[in-house]
Structures are given as structure tokens and as C-alpha cells.
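An overview of the molecular structure
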Amino acid sequence: MRGRDTVLVILIALVCAAGSFALSRYMAFLVYSVAIAAIGALALNLLIGYCGQISFAQGALLGVGAYAAGNLGNAGFDFVAILGAGLAGALVSALIGLPAMRLRGLYFAIATLAAQAILEYLFKTVEPITKGISGLTISPLTLFGARIVSDQGYASIAIVILLLTWLFLSWLIRTNLGRAFLVVRESELVAKGMGINVARTKMWAFVISGFIVGVAGALIGFTSRLANPEAFALHLSIDYIAMIIVGGLGSWLGSLIGAIFVVLLPEAIQRLGEWLHVADLVFAMREMAFGILIIVFLIFEPRGLAALGRSLATRFTRPTKIQGKSVG
Amino acid sequence: MFFIQLLSAGIATGSIYALIAIGIVLIYKCSGVVNFAQGAYAMVGAYVTYALTKLGFPALVAVLASMMVLAALGIATERLVLRPMLRAPVVAVMMATLGILIFAKAICLAIWGPDQIAFPKIFPEGSINLGGIFMTYNYVAAGVLSATLCAAFLAFYQFTSLGLMQRCAADNSRAALAIGIHVSNQVSIAWGMSAALAGLGGTLLATLNGLSLGLEAIGLVAFPVIVLGGLTSLGGAFVAGILLGVLEAFTDGLLTPAIEDFLRAYTNVYSVGALQQVVPYALLVLMLLVRPQGIFGRRGTERI
């Protein structure tokens, strides 16, 4: 991202954050849902799209963030609750990443599947922290002494955190560490040959991504006011992988587009179902459309919506350039 | 006695796991795709059997017909979804199979609803008494049938000419092409066969646990099985399936009560929950760290 773009992004985000106070409650709900999902998707894209480590434990990791933030928030901590959730996420993510020191590709993906299952089990059984199957009720977030209770408030907080995440990640990828991520993704052997410490690089990817996912989980906890094991099951991980694949692996903009797509699609189908008076079938229709769209996208544009947008843009701009040449 | 009771129940469910896992391994060997939709095939297979018996077909016909339907479904997935994605990255292909899983689940939800359905009785009711061990016919039939089928499939893969062509295509697709094997047809056949096996596995599982959308979870339980057995070894998947079934039965019947007794005596923790659901995964992590190629896998296969 160049300097001009950075300024533009900051401006847009600030306008959105300020404008979100004027939104209706439902619109604010949609805005923070998309923003939180985008934060999580950015973090997952760092891990999968930029560092090449496929993880199925995203859902459980969001859960870790939500439970950590819930417990800290209920104990009366201020914004520290969000930071604490981030640290918890980073810690657990580092633990999940440990097998990645020895495993690659597919085997590591299966190991994260195991991590997801084990964490889900812990959510259900470690009752002093998680309150078991009934779930942990979370009191509203307090930010510098002010209790945030309105959906509009959460929308603007989510947008600001999304902005910070985006700026941080696009800065990170231009540092030496960020370049090392890309080399590890392309070939671990080459990375080793270049003198990159592969294990340490991977571990950083897990820690950074885990911190951001923990923060996103905290926001999920504070906005839904309840953390229960079912909300952080494997299907949530699948939703996030769908986001970054539909949007585009290794593209920050793609993460945002994917989050918008995956969050708003069910809402749109819900509206459509209510409008057509087939409310019973809505859930099935939603899932059906989700499944079929994932497949269609993967077949026709495996590089995601962001790439589709780019190729459309060049298709529309190229003729004018040629025209300009022939005229000139 | 209780010990042998648990052992036999574990072998019965374990051989169903083996049936599902063999399908995943077969697909992986042949096309390099990790199929997350295997659980969906099992679920659809069970629902199709249910629908056919409801239409009045005898049980045997219904089961065979549902295997046929599933074989067609497997081939259709391979041709329509996986073939256009030959050059896509691994994670995209995995995601596509997850898309199939989501789609299949939604279809079943739309047609049959979210509630658990009583599965028609395919096997006679009652139980047999083998020297003090009581087993319902359901368990006996599920165990014997799936174990036999696994063994028959392994024999087919090892000793028939089609099995030889399958192995050739899986081992080195270029060489297979050079000696005149139609590799892409072989891949389709592999998908068809594993979907049919999964369909049968799903039907058998439904006779034990009832019919619901939750059946697709078997596809995930199969992953510890295939890692344990070695991702590329069919025999390994069979052995690991039975091993894991037995382990689950023992965890449920012996280990969990023992741990809970201990905890209740010394702490105020009351329950450890469904421990048998995480034991396979804990074992999986351990296995990956100690011996990533699995019990029967060859060294180097974990490097993909």
C-alpha cells in the first residue's frame, strides 16, 4: 500500500467510524459483523495466504479470544480485556503452531483439525472458565470507563480495529519478516537456503495471526454478549477459510471482500426467503447457496474475487488505452 | 466379560470407521485430494437407503441401490468439481470438498428436516449370546459386513486387474498413461468406489445410532484414522480404524468412569464430558509428532 492509498484508507475508515453512529441498529449490526469477520479473515490470510500454513482451528481460536475477553471483562478490566484476549489468542495459536515446526502442508492442516476438536472439548468441560455448554454471559465492554452498550458504538470500534489491523499487516508484509513469510510459503527449502530461520518465521506468523484473531474473538464475545461452545465449532473455521478463498488468498482487500460476501450472503438469502414466504427452508437455502457458490468460485476463479475485480478492471481499461494510442 | 463386550463393540464401530477411511485413502492415493466430503457421502448414503426402504423396497435392494447412487454421485463430483480444479492450490481443493459437504448437508436438511429419524430395521431385532457376551444383531451385522467388505476391497485392490490398474494410476500416473491405462477413468472409478463404500458405511452407522444430519461427522473421525494408518496405506487405514474404534469403546466404558471416580474423590470436578470424542485427536497429535508417516506409511510421504 502506497502512502496515498494509506491516507485514503484512513480517511474512509474514519468517515465510516464516525458515520456508523448515524446508522440504524440493524445496519450497525451488519457493519460490525462484517468488520469483525474481516479482522479475523485478515489474520487467517496472513497465516494461510501469506505464510502457507493451512489452519482449521480459526473457530476455536476466536473462541479462546471470546472466553478470555469475557472473563477479563466480567472481572472489571477495561480495554485490557481486548489486549488480554489477543495475548491468549497468541499463546494458544503458538501452541497450535508447534507441530508446524515438524509437519508440512496437509499433515499440519490435519493437526489443526485436531486442535480445533480438542479446544471445542475444553470449552465444554473446563467449567470454571467457560461455564460449560450453557455458555459464558459477558457484560458489555468498558472503554476508558465508558460502558459501550449501543450497536453503533461497537460498529465504530470494530471499524477502527479493522483499520489498525489492516495498516499493521500491510506494513508487516513489507518488512524483512513479511518477506520471509512469502519465501516460506513458496518453498521452505529455498527459505532455508537464504538463511531464513523457517521455524522462527512460522512461529511469528502464528503469534501475530493468533493475537489478531484473539482480538476479533473478543469483539465477537462483547457484541454477542455470550460465548458458548457451539458458536466456535468447526463450521466457523470453514466460514473463515471460505472468506479468504472467495476473496483471494494472499490479498488484504480479498479478505475484506470475502468477509462482506460470507457475512452478507446469509442475510440476503434470509431476506429473500422471508419475502418469498419460505421461512422454513431459509436455513437450508442459505447453506445450499453457500456451498454451491464456494464450489463455483473455486472452479471459475480460484484466485478469488479480488483477482476477478482486477482482471475486470484491466479488461475495461485496456480498450481505452489502445483507442488512445490509435487516435494519438 | 465386560472387557470382551467393549472389545467387540469397538471392533464393530471401528470397522465402519475403516470403511470410511479406506475411501479417503483411495481418493488421496489416486488423485492427491483430501476428501472432506466423505462424511457427506456416508450421510447421503444413509438417507437414500432410508428413502428407498420407505418406498417399499426390500432392505438388501435398498442398500445395494444406495451404493449405486453414491457411486454415481462420487463420479459426478470428480468430473464436475475436481477435474476443473486440477491446477488449483491444495487449500482450494480442500475447500471445494468442504463446499460439497455443506451443499449435501443442506440438501438433506431441505428434504428430510433437522430431526433424528428412526432408521428402518434392516437386520432382525434381538441379540445373540456368545458365551456371556451379548451383542445385538445390528452390531454383529455392521461389524461383520464392514470388516468383510474392507477385506474384500483390499483383496480386489491387490489381486484383480482393475485393482492393478488402480495401483498403477496411483503410483505413477505418467507411467500408467504410457502403458495404456486410462488414468482419468481410473480416478473416476476410485471416486465412485470410495463414495459407494462410504454410503454403505453411513447406512450401517445409521442402523446403530439412528439417522440424522450428524452422520457427516464420521468424515472427520476418519482423519485420525488415516493419519494413524499412514495416509497412503489402505491396509493401514483398516487396522487403524479398528484400533480407534476399540480405543473409543474402552475410553467410554473404562477410562472415563475411572477418571471421573478419581476426580470426584479428590477434586470438585464432576464430569470430564465426552472424552471418547477427543481421544482420537489427542492420539492424532501424538502420532504426528512422533511418527508423522503413520504406522504403515512409508517415510517421506508426509512431505507434500
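Residues numbered from 1 in each chain as written. Chains lettered and ligands numbered in written order. Predicted model: local features only at pLDDT ≥ 70, side-chain atom pairs only at ≥ 80, totals over all residues.

1. Considering the interface of chain A and chain B
This is how it is decided: Any two residues are considered in contact once their C-beta atoms, placed from the backbone, lie within 7 Å. For the purposes of this entry, the term helix denotes a DSSP run of H or I that reaches at least four residues, the term strand denotes a run of E that reaches at least two, and both are numbered from the N terminus. In this classification, Asp, Glu, Lys and Arg are treated as charged, Ala, Val, Leu, Ile, Met, Phe, Trp, Tyr, Cys and Pro as nonpolar, and every other residue, Gly included, as polar.
Residue-level contacts link 34 residues of chain A with 37 residues of chain B. Elements supplying a minimum of two residues to the side of chain A that touches chain B: α5 (105-125), α11 (234-247) and α13 (282-300) of chain A. With 12 residues, α5 of chain A is the single largest residue contributor to the side of chain A that touches chain B. Residues belonging to the side of chain A that touches chain B are distributed by class as follows: 27 nonpolar, 3 polar and 4 charged.

2. Digging into the nonpolar core
Keep this limit in mind: By convention the nonpolar core is taken to be a set of buried residues drawn from Ala, Val, Leu, Ile, Met, Phe, Trp, Tyr and Cys and joined through C-beta atoms within 7 Å. The burial criterion counts other C-beta atoms lying within 10 Å of a residue's C-beta, which is placed from the backbone; the residue is buried at 20 or more, exposed at 12 or fewer, and partly exposed between these limits.
Ranked by internal contacts, the top residues of the largest apolar core, which has 215 residues, are Ile39 and Ala158 of chain A together with Ala21, Ile22, Met95 and Ala222 of chain B. In terms of residues, this core owes the most to one element, helix α2 (residues 25-50) of chain A, which gives 17 residues. For Ala222 of chain B, the contacting residues outside a window of four places in its chain are Tyr17, Ile20, Ala21, Ile24 and Gln38 of chain B.

3. Some details on helix α9 (residues 218-229) of chain B
Applied cut-off: Under the convention used throughout, the expected extent of a helix is 1.5 Å for every residue step, that is, one less than its residue count.
Between its terminal C-alpha atoms α9 of chain B stretches 17 Å, which fits the 16 Å expected from 12 residues at 1.5 Å a residue. Buried residues of α9 of chain B: Ile218, Gly219, Leu220, Val221, Ala222, Phe223, Pro224, Val225, Ile226, Val227, Leu228 and Gly229 of chain B, and no others. Residues of α9 of chain B that are buried sit in contact with α5 of chain A together with α1 (2-31), α2 (38-54), α8 (183-209), α10 (234-266) and α11 (275-290) of chain B.

4. A closer look at the pairing of strand β1 (residues 127-130) of chain B
All names here are of chain B. Here is the rule: Pairs of strands are assigned from DSSP output, requiring at least two bridges between the strands.
In this sheet, strand β2 (residues 133-136) lies alongside β1 in antiparallel orientation, the contact comprising 4 bridges. Each bridged residue has a counterpart across the sheet, and for Asn129 the counterpart in β2 is Phe134. If you look at the hairpin formed by β1 and β2, you'll find 2 residues sitting between the two strands, and Gly131 has a positive phi there, around 55°.

5. Re the packing of α1 of chain B against α10 of chain B
Residue and element names in this part refer to chain B. Worth spelling out the cut-off: Working convention: axes come from line fits to C-alpha atoms, limited for helices to the stretch in contact. Angles between N-to-C directions cover 0 to 180 degrees. With the far helix as reference, a near helix turned anticlockwise by less than a right angle produces a left-handed crossing, and one turned clockwise produces a right-handed crossing.
Look at α1 against α10: their axes get within 6 Å of each other, and the N-to-C directions meet at 145°. Crossing of α1 over α10 shows right-handed handedness. Residue classes in the contact of α1 with α10 are distributed as 20 nonpolar, 7 polar and 1 charged.

6. So, the packing of α2 of chain B against helix α3 (residues 59-82) of chain B
When two helices pack together, their arrangement is given by the angle between the helix axes and by the axis-to-axis distance. All names here are of chain B. Put simply, the rule is: When an angle is under 35 degrees it counts as roughly parallel; over 145 it counts as roughly antiparallel; between 65 and 115 it counts as roughly perpendicular; any other value is oblique.
Relative to each other, α2 and α3 sit at 140°, their axes nearing to 8 Å. Considering their axes alone, α2 and α3 lie oblique with respect to each other. Between α2 and α3 lies a crossing of right-handed hand. Residues Tyr41, Val44, Gly45, Val48, Thr49, Leu52 and Thr53 of α2 form the contact with α3, whose participating residues are Ala59, Ala62, Val63, Ala65, Ser66, Val69, Leu70, Leu73 and Gly74.

7. Comments concerning the confidence of the model for chain A
All names here are of chain A. Heads up, the condition is: Scored between 0 and 100, pLDDT is the confidence that the predictor attaches to each residue.
For chain A, mean pLDDT is 83; residues scoring 70 or higher make up 94% of the total. Mean pLDDT across the elements of chain A bottoms out in helix α14 (residues 305-327) (63) and peaks in helix α10 (residues 198-224) (92). Contacts from residues 320-328, a stretch scored under 50 in pLDDT, to residues over four places away or in other chains number 0 contacts.

8. Some words on the environment of Ala66 of chain A
Residues and elements named next belong to chain A. Structurally, the position occupied by Ala66 is in helix α3 (residues 58-74). In this structure, the C-alpha to C-alpha distance between Ala66 and Ile82, residues 16 residues apart in sequence, is 9.1 Å. Discounting residues that sit within four places of it in the chain, Ala66 has contacts with Gly217, Ala218, Ile220, Gly221 and Ala227.

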